Amino acid sequence: MMDPTGGPLFPALENLLSYASKRQQALGANLANIDTPGYRSTDYSFEQELASINMAATSGKHITLQDDTPSARQYEVDTKAKPNGNNVDLDREMTEISKNGLQYVTLVQYLNQKIRTLRTAITDGGKV
Amino acid sequence: MNLITALDVNASGLTAQRKRVEVSSSNLANSQTTRTEDGGAYRRKDVIFQTTSFQDSLSSAMGKGVEGVEISDVVDDPTPFVRRYEPGHPDADKEGYVSYPNVDPMLEMANLIEGARSYEANVAAMGIVKTMINRTLEIGR
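Worth saying up front: this structure is predicted, and the values here are computed from it rather than measured.

Asker: Sorry, what's going on with the overall build of chain A here?
Answerer: A tally of helices and strands in chain A yields 3 helices and 2 strands. Mapped from its N terminus to its C terminus, chain A presents α and β elements in the order α-β-α-β-α. With 128 residues in all, chain A has 38% of them scored as buried. The contacts in chain A between residues at least 6 apart in sequence include a share of 75% that link residues at least 24 apart.

What follows is the structure, encoded as structure tokens:
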């Protein structure tokens, strides 16, 4: 039977959206500090984000989410530092910002599709 | 909200870069100024970029907060003035030398271009954040 709330899907999407917006914040800060001496570029890693999702559920087919919100998975980007100690790479940051923005929009699109499906089930379910 | 903070951070970048370009323009405009209020020739100004923390309840829980940027100080460039032999100049010293500002037009032009590029990058990032916010508002429509 289909779970009307979408099971763990909605919380998962919500977490991913919050991850993407947090990441956008970090990437934006890198860009703002492109000329600050000694500034180190920071980012969030998706692998570590994914690892926070507990895969060992009751069944191997289940994906459940841990209660804690993603936090403190920031790492320093390993690009070469300029003479002033700043290691922000403009091309890298712009690429990551574009990618992150597109991922965010994709997630919203997917979420909307799921909501539309639910709505169809609710409104059109009684029709013969 | 995360995305609004992202906008604020980029806005701090815009402000800092604009100020830097302003200072650089002022240096260029005064590249031949031999008289200032403090007396003597114009001294080239330079900006100091510094990180500022954008602490909200979320970021403080995440440990390291998001860092914006600001111009913490505008300092004088201590390099010596350019001395030119112009005995007829009213500001010439006893030996007939005039002190001209320590402004290098080449350096200022490079500075201006770099500032404009960084400004553009921040504008582009803000555009992407605005798209993200707009899409968020469409969830469930």
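Asker: In this structure, what is going on with the packing of helix H1 (residues 9-32) of chain A against helix H3 (residues 105-137) of chain B? I would like to understand it.
Answerer: How two helices pack is summed up by the angle between their axes together with the distance between the axes. Between H1(A) and H3(B), the shortest axis-to-axis distance is 10 Å and the interhelical angle comes to 165°. Between H1(A) and H3(B), the angle falls in the class roughly antiparallel. For H1(A) against H3(B), the interelement crossing comes out left-handed. On H3(B), the residues that touch Ala20(A), Ser21(A), Gln24(A), Gly28(A), Leu31(A) and Ala32(A) of H1(A) are Ala121(B), Asn122(B), Ala125(B), Ile128(B), Val129(B) and Met132(B). The residue makeup of the contact of H1(A) with H3(B), split by class, is 8 nonpolar, 4 polar and no charged.

Asker: What should I look at first to understand the environment of Val88(A) in this one?
Answerer: All names here are of chain A. Note on placement: Val 88 falls in the loop between strand S2 (74-76) and helix H3 (90-124). Given the relative accessible area of 5%, Val 88 is considered buried. Contact partners of Val 88, with chain neighbours within four places excluded, come to Asn 30, Asn 33, Ile 34, Tyr 39, Ser 41, Lys 82 and Glu 93.

Asker: When you look at the interface of chain A and chain B in this model, what are you seeing that I'm missing?
Answerer: Interface size, as often reported, equals the accessible area lost upon joining of the parts. Contacts between the two partners involve 35 residues from chain A, matched on the other side by 36 residues from chain B. Considering only the side of chain A, the residues that lose the most area to chain B are Gln25(A), Ala32(A) and Asp35(A), jointly responsible for 23% of the buried surface there. Close ionic contact of Arg20(B) with Asp35(A) constitutes a salt bridge, the shortest N to O distance being 2.9 Å. Scanning the region where chain A abuts chain B turns up 12 residue pairs in polar contact (both at pLDDT 80 or more). Among the elements of the structure, H1, strand S1 (42-44) and H3 of chain A are those that each provide at least two residues to the side of chain A that touches chain B. When the residues that make up the side of chain A that touches chain B are grouped by side-chain class, the tally is 18 nonpolar, 14 polar and 3 charged.

Criteria and thresholds
Residues numbered from 1 in each chain as written. Chains lettered and ligands numbered in written order. Predicted model: local features only at pLDDT ≥ 70, side-chain atom pairs only at ≥ 80, totals over all residues. Heavy atoms only, no water. Helix = DSSP H or I, 4+ residues; strand = E, 2+ residues; numbered from the N terminus. Buried < 20%, exposed > 50% of the residue type's maximum accessible area, 1.4 Å probe, protein only. Contact = heavy atoms within 4.5 Å. Axes fitted to C-alpha atoms, helices over the stretch in contact; angles between N-to-C directions. Parallel < 35°, antiparallel > 145°, perpendicular 65-115°, else oblique. Left-handed = near helix turned anticlockwise from the far one by under 90°. Nonpolar A, V, L, I, M, F, W, Y, C, P; charged D, E, K, R; others polar. Buried area = accessible area lost by both parts, 1.4 Å probe. Salt bridge = Lys/Arg side-chain N within 4 Å of Asp/Glu carboxyl O. Polar contact = N/O pair within 3.5 Å; in protein donor to acceptor, adjacent residues only side chain to side chain.

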